[in-house]
Amino acid sequence: MAKKFRCTVCGYIHEGDKAPAECPVCKQPSSMFEEIADESKPAKKGLNTNSNVYTIVYALILTVLVAVLLTVAAVGLAPQQKANSDNEKKQQILSAVAEKLGKEVTFTNAADIWSELDMDNNTLVVDVNGNTVNANAFSIEPKSLFKGGIVKDDAQLPVFKANIAGNTYYIMCMYGSGLWDAIWGYIAVEADGSTIAGASFDHKGETAGLGAKIKDDPNFAKAFIGKTIFTNGEFAPVVVTKKNVENKVDAITGATKTSDYVGDMIRNSLTGYKAYLLSIQGSEQAQCNKEQECCGKCKNEGEGQCAGKCKDNAEGCGEGQCKGEGDCGGNCKDVECNNVVK
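It should be emphasised that the depicted structure is a prediction, and the values quoted were computed from it without experimental measurement.

Caption draft 1: The overall build of the chain, seen in detail. Within the chain, the secondary structure is distributed over six helices and 17 strands. In the chain, which comprises 342 residues, the proportion classed as buried is 36%. Across the chain, the fraction of contacts at a sequence separation of at least 24, relative to all contacts at a separation of at least 6, is 46%. For the chain, the exposed surface amounts to about 20,100 Å²; the carbon and sulfur share of it is 50%.

Have a look at this one:
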(Lines give C-alpha, C1' and ligand atoms only; values in the text may rest on other atoms or scores of the structure.)
Protein backbone atom coordinates (compact mmCIF):
# COMPACT_ATOMS: atom_id res chain seq x y z
CA MET A 1 0.00 0.00 0.00
CA ALA A 2 1.35 3.40 -1.05
CA LYS A 3 2.36 5.82 1.64
CA LYS A 4 1.19 9.40 1.84
CA PHE A 5 3.41 12.41 2.29
CA ARG A 6 2.30 15.99 2.95
CA CYS A 7 4.17 19.12 2.00
CA THR A 8 4.52 21.16 5.15
CA VAL A 9 4.63 24.39 3.15
CA CYS A 10 1.61 24.21 0.84
CA GLY A 11 -0.18 21.09 2.05
CA TYR A 12 0.17 19.09 -1.17
CA ILE A 13 -0.26 15.36 -0.59
CA HIS A 14 1.85 12.87 -2.49
CA GLU A 15 1.27 9.13 -2.64
CA GLY A 16 4.16 6.76 -3.18
CA ASP A 17 6.90 4.84 -1.47
CA LYS A 18 8.74 8.05 -0.64
CA ALA A 19 8.38 11.81 -0.80
CA PRO A 20 8.93 13.44 -4.21
CA ALA A 21 12.25 15.13 -4.87
CA GLU A 22 10.37 18.40 -5.28
CA CYS A 23 6.85 19.58 -4.46
CA PRO A 24 5.05 20.06 -7.80
CA VAL A 25 3.08 22.95 -6.32
CA CYS A 26 5.47 25.07 -4.31
CA LYS A 27 8.74 23.58 -5.58
CA GLN A 28 9.99 22.83 -2.02
CA PRO A 29 12.52 19.98 -1.68
CA SER A 30 11.60 16.52 -0.33
CA SER A 31 12.92 17.51 3.11
CA MET A 32 9.79 19.66 3.56
CA PHE A 33 7.51 16.62 3.30
CA GLU A 34 6.22 14.57 6.27
CA GLU A 35 4.72 11.14 6.20
CA ILE A 36 1.02 10.90 7.01
CA ALA A 37 0.11 8.08 9.39
CA ASP A 38 -2.12 5.37 8.03
CA GLU A 39 -5.54 6.27 9.48
CA SER A 40 -6.86 2.80 8.70
CA LYS A 41 -4.68 1.36 11.49
CA PRO A 42 -5.94 1.79 15.08
CA ALA A 43 -4.02 4.44 17.03
CA LYS A 44 -1.69 3.17 19.71
CA LYS A 45 -3.18 3.53 23.16
CA GLY A 46 -1.15 5.24 25.88
CA LEU A 47 -1.47 7.28 29.05
CA ASN A 48 -2.41 10.86 28.40
CA THR A 49 -0.05 12.74 30.66
CA ASN A 50 -2.02 15.90 30.15
CA SER A 51 -5.28 14.53 31.52
CA ASN A 52 -6.76 15.16 34.99
CA VAL A 53 -6.90 11.42 35.60
CA TYR A 54 -3.16 11.13 35.11
CA THR A 55 -2.53 14.02 37.53
CA ILE A 56 -4.75 12.52 40.23
CA VAL A 57 -3.32 9.02 39.90
CA TYR A 58 0.24 10.35 39.96
CA ALA A 59 -0.47 12.40 43.10
CA LEU A 60 -2.05 9.42 44.87
CA ILE A 61 0.86 7.14 44.08
CA LEU A 62 3.34 9.77 45.28
CA THR A 63 1.35 10.34 48.50
CA VAL A 64 1.20 6.65 49.31
CA LEU A 65 4.91 6.25 48.60
CA VAL A 66 5.84 9.13 50.91
CA ALA A 67 3.52 7.79 53.63
CA VAL A 68 5.15 4.37 53.44
CA LEU A 69 8.62 5.87 53.66
CA LEU A 70 7.64 8.02 56.67
CA THR A 71 6.08 5.03 58.41
CA VAL A 72 9.18 2.94 57.89
CA ALA A 73 11.34 5.77 59.21
CA ALA A 74 9.09 6.29 62.25
CA VAL A 75 9.09 2.59 63.11
CA GLY A 76 12.83 2.42 62.72
CA LEU A 77 13.46 5.50 64.87
CA ALA A 78 10.84 4.66 67.55
CA PRO A 79 13.23 2.80 69.90
CA GLN A 80 15.74 5.67 69.85
CA GLN A 81 13.01 8.26 70.30
CA LYS A 82 11.66 6.40 73.35
CA ALA A 83 15.15 6.05 74.77
CA ASN A 84 15.69 9.80 74.42
CA SER A 85 12.32 10.56 76.00
CA ASP A 86 13.02 8.20 78.92
CA ASN A 87 16.45 9.72 79.44
CA GLU A 88 15.02 13.23 79.50
CA LYS A 89 12.50 12.12 82.12
CA LYS A 90 15.26 10.59 84.23
CA GLN A 91 17.15 13.86 84.00
CA GLN A 92 14.14 15.82 85.25
CA ILE A 93 13.52 13.42 88.14
CA LEU A 94 17.13 13.29 89.28
CA SER A 95 17.56 17.05 88.96
CA ALA A 96 15.35 17.31 92.04
CA VAL A 97 18.21 15.82 94.08
CA ALA A 98 21.10 17.34 92.14
CA GLU A 99 22.29 19.30 95.19
CA LYS A 100 22.38 16.12 97.25
CA LEU A 101 24.31 14.38 94.48
CA GLY A 102 26.75 17.24 94.43
CA LYS A 103 26.70 17.55 90.65
CA GLU A 104 24.55 18.71 87.79
CA VAL A 105 22.33 16.11 86.18
CA THR A 106 22.54 16.36 82.39
CA PHE A 107 21.02 14.50 79.49
CA THR A 108 24.40 12.83 79.02
CA ASN A 109 24.93 11.52 82.55
CA ALA A 110 21.33 10.98 83.65
CA ALA A 111 21.19 7.31 82.63
CA ASP A 112 24.43 6.51 84.46
CA ILE A 113 23.29 8.23 87.66
CA TRP A 114 19.93 6.49 87.42
CA SER A 115 21.72 3.15 87.21
CA GLU A 116 24.15 3.97 90.02
CA LEU A 117 21.26 4.78 92.36
CA ASP A 118 19.38 1.64 91.22
CA MET A 119 16.32 3.79 90.66
CA ASP A 120 14.46 1.11 88.70
CA ASN A 121 14.23 -0.91 91.91
CA ASN A 122 13.45 2.06 94.14
CA THR A 123 10.10 3.21 92.84
CA LEU A 124 6.55 2.78 94.01
CA VAL A 125 3.06 4.04 93.22
CA VAL A 126 0.57 5.29 95.79
CA ASP A 127 -3.05 6.42 95.72
CA VAL A 128 -4.43 9.58 97.30
CA ASN A 129 -4.98 7.64 100.54
CA GLY A 130 -1.30 6.80 100.79
CA ASN A 131 -1.74 3.14 99.94
CA THR A 132 0.73 1.38 97.67
CA VAL A 133 -0.75 0.16 94.39
CA ASN A 134 0.63 -2.20 91.80
CA ALA A 135 1.76 -0.06 88.85
CA ASN A 136 4.86 1.02 86.98
CA ALA A 137 5.92 4.38 88.42
CA PHE A 138 8.16 5.42 85.54
CA SER A 139 5.54 4.82 82.87
CA ILE A 140 3.00 7.14 84.52
CA GLU A 141 2.57 10.48 82.76
CA PRO A 142 1.99 13.25 85.33
CA LYS A 143 -0.49 14.99 83.03
CA SER A 144 -2.85 12.02 83.28
CA LEU A 145 -3.12 12.40 87.06
CA PHE A 146 -4.75 15.81 87.05
CA LYS A 147 -8.04 17.32 85.97
CA GLY A 148 -8.50 21.07 86.14
CA GLY A 149 -5.22 21.36 88.02
CA ILE A 150 -6.46 19.06 90.80
CA VAL A 151 -5.29 15.52 91.48
CA LYS A 152 -7.91 12.99 90.39
CA ASP A 153 -9.54 10.90 93.10
CA ASP A 154 -8.37 7.71 91.41
CA ALA A 155 -4.88 9.00 90.57
CA GLN A 156 -1.96 6.62 90.86
CA LEU A 157 0.97 8.76 91.93
CA PRO A 158 4.61 7.80 91.23
CA VAL A 159 7.25 8.02 93.94
CA PHE A 160 10.98 7.68 93.23
CA LYS A 161 13.29 6.96 96.15
CA ALA A 162 16.88 8.15 95.82
CA ASN A 163 19.32 6.70 98.34
CA ILE A 164 22.27 9.08 98.48
CA ALA A 165 25.09 8.91 101.05
CA GLY A 166 22.96 6.89 103.45
CA ASN A 167 19.96 9.20 103.22
CA THR A 168 16.66 8.52 101.47
CA TYR A 169 14.91 11.21 99.46
CA TYR A 170 11.39 10.84 98.13
CA ILE A 171 10.81 12.40 94.70
CA MET A 172 7.24 13.21 93.63
CA CYS A 173 5.81 14.59 90.40
CA MET A 174 3.97 17.89 89.89
CA TYR A 175 1.83 19.20 87.05
CA GLY A 176 -0.25 22.30 86.46
CA SER A 177 -1.14 25.20 84.21
CA GLY A 178 1.26 28.08 83.62
CA LEU A 179 0.63 31.50 82.18
CA TRP A 180 0.57 30.28 78.57
CA ASP A 181 0.68 26.49 78.72
CA ALA A 182 1.52 23.54 80.93
CA ILE A 183 4.19 23.57 83.66
CA TRP A 184 5.49 20.53 85.50
CA GLY A 185 8.32 19.32 87.67
CA TYR A 186 9.54 17.10 90.48
CA ILE A 187 10.05 17.83 94.16
CA ALA A 188 12.13 15.81 96.61
CA VAL A 189 11.60 15.60 100.36
CA GLU A 190 13.82 14.27 103.09
CA ALA A 191 13.05 11.25 105.26
CA ASP A 192 10.99 13.38 107.64
CA GLY A 193 8.32 13.66 104.94
CA SER A 194 8.30 17.45 105.05
CA THR A 195 11.66 19.13 104.45
CA ILE A 196 12.28 19.83 100.77
CA ALA A 197 15.59 18.48 99.51
CA GLY A 198 15.34 19.94 96.00
CA ALA A 199 13.13 20.59 93.02
CA SER A 200 13.17 20.81 89.25
CA PHE A 201 10.76 22.64 86.95
CA ASP A 202 9.92 22.70 83.26
CA HIS A 203 7.38 24.40 81.03
CA LYS A 204 5.94 24.34 77.55
CA GLY A 205 5.47 27.99 76.70
CA GLU A 206 6.41 30.45 79.44
CA THR A 207 7.91 33.78 78.38
CA ALA A 208 11.65 33.64 77.68
CA GLY A 209 13.68 35.62 80.20
CA LEU A 210 10.72 35.86 82.59
CA GLY A 211 8.47 32.91 83.37
CA ALA A 212 10.90 30.57 81.63
CA LYS A 213 13.31 31.19 84.50
CA ILE A 214 11.53 28.49 86.49
CA LYS A 215 13.61 26.15 84.34
CA ASP A 216 16.47 28.29 83.07
CA ASP A 217 17.54 29.87 86.38
CA PRO A 218 18.97 27.16 88.67
CA ASN A 219 18.77 29.52 91.65
CA PHE A 220 14.98 29.43 91.51
CA ALA A 221 14.90 25.66 92.11
CA LYS A 222 17.67 25.84 94.73
CA ALA A 223 15.62 28.33 96.74
CA PHE A 224 13.18 25.54 97.65
CA ILE A 225 15.81 23.53 99.50
CA GLY A 226 15.14 23.58 103.25
CA LYS A 227 11.56 24.80 102.87
CA THR A 228 8.80 22.58 104.20
CA ILE A 229 5.52 20.97 103.24
CA PHE A 230 4.16 20.75 106.78
CA THR A 231 4.33 23.43 109.46
CA ASN A 232 3.63 22.42 113.05
CA GLY A 233 1.99 19.28 111.78
CA GLU A 234 -0.31 21.12 109.38
CA PHE A 235 -0.21 20.72 105.60
CA ALA A 236 1.13 24.10 104.49
CA PRO A 237 3.48 23.73 101.48
CA VAL A 238 6.02 26.39 100.60
CA VAL A 239 4.54 29.34 98.73
CA VAL A 240 6.03 31.41 95.91
CA THR A 241 5.45 35.09 96.57
CA LYS A 242 6.97 38.51 97.09
CA LYS A 243 5.03 38.92 100.32
CA ASN A 244 6.75 38.88 103.67
CA VAL A 245 5.59 35.48 104.91
CA GLU A 246 7.29 32.42 106.34
CA ASN A 247 8.15 29.29 104.40
CA LYS A 248 8.31 31.01 101.03
CA VAL A 249 10.40 31.30 97.88
CA ASP A 250 10.62 34.70 96.24
CA ALA A 251 8.54 35.10 93.11
CA ILE A 252 10.45 35.75 89.89
CA THR A 253 10.69 39.46 89.13
CA GLY A 254 8.54 40.28 86.13
CA ALA A 255 6.88 36.84 86.21
CA THR A 256 4.48 37.12 89.12
CA LYS A 257 1.74 35.16 87.38
CA THR A 258 3.99 32.26 86.47
CA SER A 259 5.31 32.27 90.06
CA ASP A 260 1.75 32.11 91.37
CA TYR A 261 1.02 29.18 89.08
CA VAL A 262 4.12 27.35 90.34
CA GLY A 263 2.92 27.80 93.91
CA ASP A 264 -0.53 26.51 92.96
CA MET A 265 1.03 23.54 91.20
CA ILE A 266 3.09 22.61 94.24
CA ARG A 267 0.15 22.78 96.62
CA ASN A 268 -2.32 21.01 94.32
CA SER A 269 0.14 18.27 93.39
CA LEU A 270 1.34 17.58 96.91
CA THR A 271 -2.25 17.42 98.13
CA GLY A 272 -2.41 14.08 96.35
CA TYR A 273 0.69 12.90 98.20
CA LYS A 274 -0.40 14.26 101.59
CA ALA A 275 -1.52 10.93 103.01
CA TYR A 276 1.65 9.22 101.83
CA LEU A 277 3.86 11.94 103.30
CA LEU A 278 2.05 11.57 106.63
CA SER A 279 2.70 7.83 106.49
CA ILE A 280 6.40 8.56 105.98
CA GLN A 281 6.34 10.76 109.04
CA GLY A 282 4.54 8.05 110.97
CA SER A 283 7.12 5.53 109.88
CA GLU A 284 9.94 7.81 110.95
CA GLN A 285 8.21 8.35 114.30
CA ALA A 286 7.91 4.63 114.88
CA GLN A 287 11.56 4.16 114.03
CA CYS A 288 12.42 7.04 116.35
CA ASN A 289 10.67 5.36 119.23
CA LYS A 290 12.14 1.95 118.43
CA GLU A 291 15.68 3.24 118.42
CA GLN A 292 14.98 5.48 121.43
CA GLU A 293 16.32 8.51 119.62
CA CYS A 294 13.77 10.78 121.28
CA CYS A 295 12.36 9.53 124.51
CA GLY A 296 14.26 6.33 125.03
CA LYS A 297 14.75 6.10 128.78
CA CYS A 298 14.40 9.84 129.20
CA LYS A 299 18.15 10.26 129.30
CA ASN A 300 18.79 12.33 126.21
CA GLU A 301 17.72 15.53 124.60
CA GLY A 302 16.76 13.94 121.28
CA GLU A 303 18.71 15.25 118.30
CA GLY A 304 18.15 15.71 114.60
CA GLN A 305 14.73 14.77 113.29
CA CYS A 306 13.59 13.59 116.72
CA ALA A 307 13.59 16.80 118.69
CA GLY A 308 12.91 15.16 122.06
CA LYS A 309 12.96 17.12 125.29
CA CYS A 310 13.71 14.35 127.81
CA LYS A 311 15.67 15.24 130.91
CA ASP A 312 18.72 13.43 132.22
CA ASN A 313 17.39 13.41 135.79
CA ALA A 314 14.20 11.52 134.88
CA GLU A 315 15.62 8.11 135.70
CA GLY A 316 12.35 6.85 137.10
CA CYS A 317 10.51 6.95 133.77
CA GLY A 318 9.78 3.88 131.79
CA GLU A 319 10.87 3.56 128.22
CA GLY A 320 9.13 6.06 125.97
CA GLN A 321 6.71 7.23 128.70
CA CYS A 322 8.05 10.59 129.81
CA LYS A 323 4.61 11.69 130.89
CA GLY A 324 5.60 13.12 134.24
CA GLU A 325 3.37 10.67 136.09
CA GLY A 326 3.61 7.81 138.53
CA ASP A 327 7.14 6.69 139.38
CA CYS A 328 8.50 9.68 137.52
CA GLY A 329 7.69 11.76 140.57
CA GLY A 330 6.99 14.81 138.48
CA ASN A 331 10.55 14.99 137.22
CA CYS A 332 9.71 13.97 133.66
CA LYS A 333 8.20 16.45 131.30
CA ASP A 334 5.96 15.97 128.32
CA VAL A 335 8.04 15.15 125.28
CA GLU A 336 7.22 16.12 121.72
CA CYS A 337 8.76 14.00 119.01
CA ASN A 338 7.83 14.87 115.46
CA ASN A 339 4.81 16.69 116.82
CA VAL A 340 3.51 13.57 118.58
CA VAL A 341 3.38 13.87 122.37
CA LYS A 342 4.60 10.82 124.17
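Back to the text.
Caption draft 2: Representation of the sheet that holds strand β1 (residues 3–7) in the model. Spatially, the three strands line up as an open sheet ordered β2-β1-β3, and their pairing is antiparallel. Both edges of this open sheet fall to β2 (13–16) and β3 (33–36), since each of them pairs with a single strand only. Within this sheet the neighbouring strands show an average axis-to-axis angle of 35°, counted without direction. Pairing analysis gives four bridges linking β1 to β3, with the strands arranged antiparallel.

Caption draft 3: Inspection of the nonpolar core at higher detail. Core analysis: the biggest nonpolar cluster contains 64 residues, and Phe160, Ile171, Phe201, Phe220, Phe224, Val262 and Tyr273 have the highest contact counts within it. In terms of residue count, helix α6 (residues 256–290) provides more of this core than any other element does, eight residues in total. Apart from residues no more than four positions distant in its own chain, Val262 is found in contact with Ile183, Phe201, Ile214, Phe220, Phe224 and Val240. Within the second largest apolar cluster, five residues are counted, among which are Phe5, Cys7, Ala19 and Cys23.

Caption draft 4: Structural detail: the layout of surface pockets. For the largest pocket, the calculated volume is near 660 Å³. Forming the walls of the largest pocket are 26 residues, and the residues nearest its centre are Ser95, Val105, Ser200, Lys215 and Pro218. Put simply, the parts of the chain that give the lining of the largest pocket at least two residues each are α1 (52–95), α2 (98–101), β11 (196–203), α4 (213–216) and α5 (218–222). The leading source of residues in the lining of the largest pocket is β11, at five residues. Broken down by class, the residue content of the lining of the largest pocket amounts to 10 nonpolar, seven polar and nine charged. In this structure, the second largest pocket encloses a volume near 430 Å³. Around the second largest pocket, the lining is made up of 18 residues, and of these Lys89, Gln92, Glu141, Pro142 and Trp184 lie nearest the centre. Contributing elements (two or more residues each) for the lining of the second largest pocket: α1 and β10 (182–189). For the lining of the second largest pocket, the residue count by class is six nonpolar, three polar and nine charged.

Caption draft 5: Spatial organisation of α1. Most pronounced at Ala78, the bend in α1 amounts to some 45°, and the proline Pro79 follows within four residues. Every buried residue of α1 is listed here: Asn87, Lys89, Lys90, Gln92, Ile93 and Leu94. On its buried face, α1 sits against α2, α3 (110–116), β8 (157–164), β9 (167–177), β10 and β11.

Caption draft 6: Geometry of the pattern of salt bridges. Here the structure, examined in full by the defined rule, presents six salt bridges. The partner of Lys222 in a salt bridge is Glu99, with the nearest N and O atoms 3.8 Å apart. With Lys222 in helix α5 and Glu99 in helix α2, the pair connects residues that are 123 residues apart, well separated along the chain. Its relative accessible area of 44% is what places Glu99 among the partly exposed residues. The residue Asp202 makes a salt bridge to Lys215 at a minimum N-O spacing of 3.6 Å. With a gap of 13 residues between them, Asp202 in strand β11 and Lys215 in helix α4 connect regions that are remote in the sequence.

Caption draft 7: Focus on the sheet that holds strand β4 (residues 123–126). Reading across from one edge, β5-β4-β8-β9-β10-β11 is the order of the six strands in this open sheet, with antiparallel pairing throughout. Two strands in the sheet have a free side with no partner beyond their single neighbour: β5 (132–133) and β11. Examined bridge by bridge, β8 and β9 share six bridges and lie antiparallel to one another. Looking across to β9, one finds that Phe160 is bridged to Ile171.

Conventions adopted
- Every chain is numbered on its own, with residues counted from 1 as its sequence reads.
- Residues qualify for local features only when their pLDDT is at least 70, as the model is predicted, and side-chain atom pairs are given and counted only at 80 or more; totals for whole chains, interfaces and linings, by contrast, use all residues.
- Only hydrogens and water are removed before side-chain values are computed, so all heavy atoms of the structure are retained for them.
- By the criteria applied, helices consist of DSSP H or I runs no shorter than four residues and strands consist of E runs no shorter than two, each listed in order from the N terminus.
- Relative accessible area decides the class of each residue, using a 1.4 Å probe on protein chains only: under 20% of the type maximum gives buried, over 50% gives exposed, and in between gives partly exposed.
- Contacts are residue-level and defined by heavy atoms, with any inter-residue pair within 4.5 Å sufficient.
- For every accessible area listed, the method is Shrake-Rupley and the probe measures 1.4 Å; residues are considered covered only by the protein chains on display.
- Whether two strands pair comes down to DSSP finding at least two bridges between them.
- For helices, the fitted line uses only the C-alpha atoms of the stretch in contact; every axis is such a line through C-alpha atoms, and the angle between N-to-C directions lies from 0 to 180 degrees.
- In this text, buried Ala, Val, Leu, Ile, Met, Phe, Trp, Tyr and Cys residues form a nonpolar core when linked through side-chain atoms within 4.5 Å.
- Each cavity reported here is a set of points on a 1 Å grid over the protein atoms alone in which a 1.4 Å probe fits but cannot get out, each pocket an open set with protein on both sides within 12 Å along at least five of seven lines, and each lining residue one with an atom within 4 Å of a point.
- Grid points are joined across faces, edges and corners, and a volume is the space filled by probe spheres set on the points.
- In this classification, Asp, Glu, Lys and Arg are treated as charged, Ala, Val, Leu, Ile, Met, Phe, Trp, Tyr, Cys and Pro as nonpolar, and every other residue, Gly included, as polar.
- Two axes enter the bend calculation: one fitted to the seven residues ending at the residue in question, the other to the seven starting there, and the bend is the angle between them.
- Here, a salt bridge means any Lys or Arg side-chain nitrogen found within 4 Å of an Asp or Glu carboxyl oxygen.

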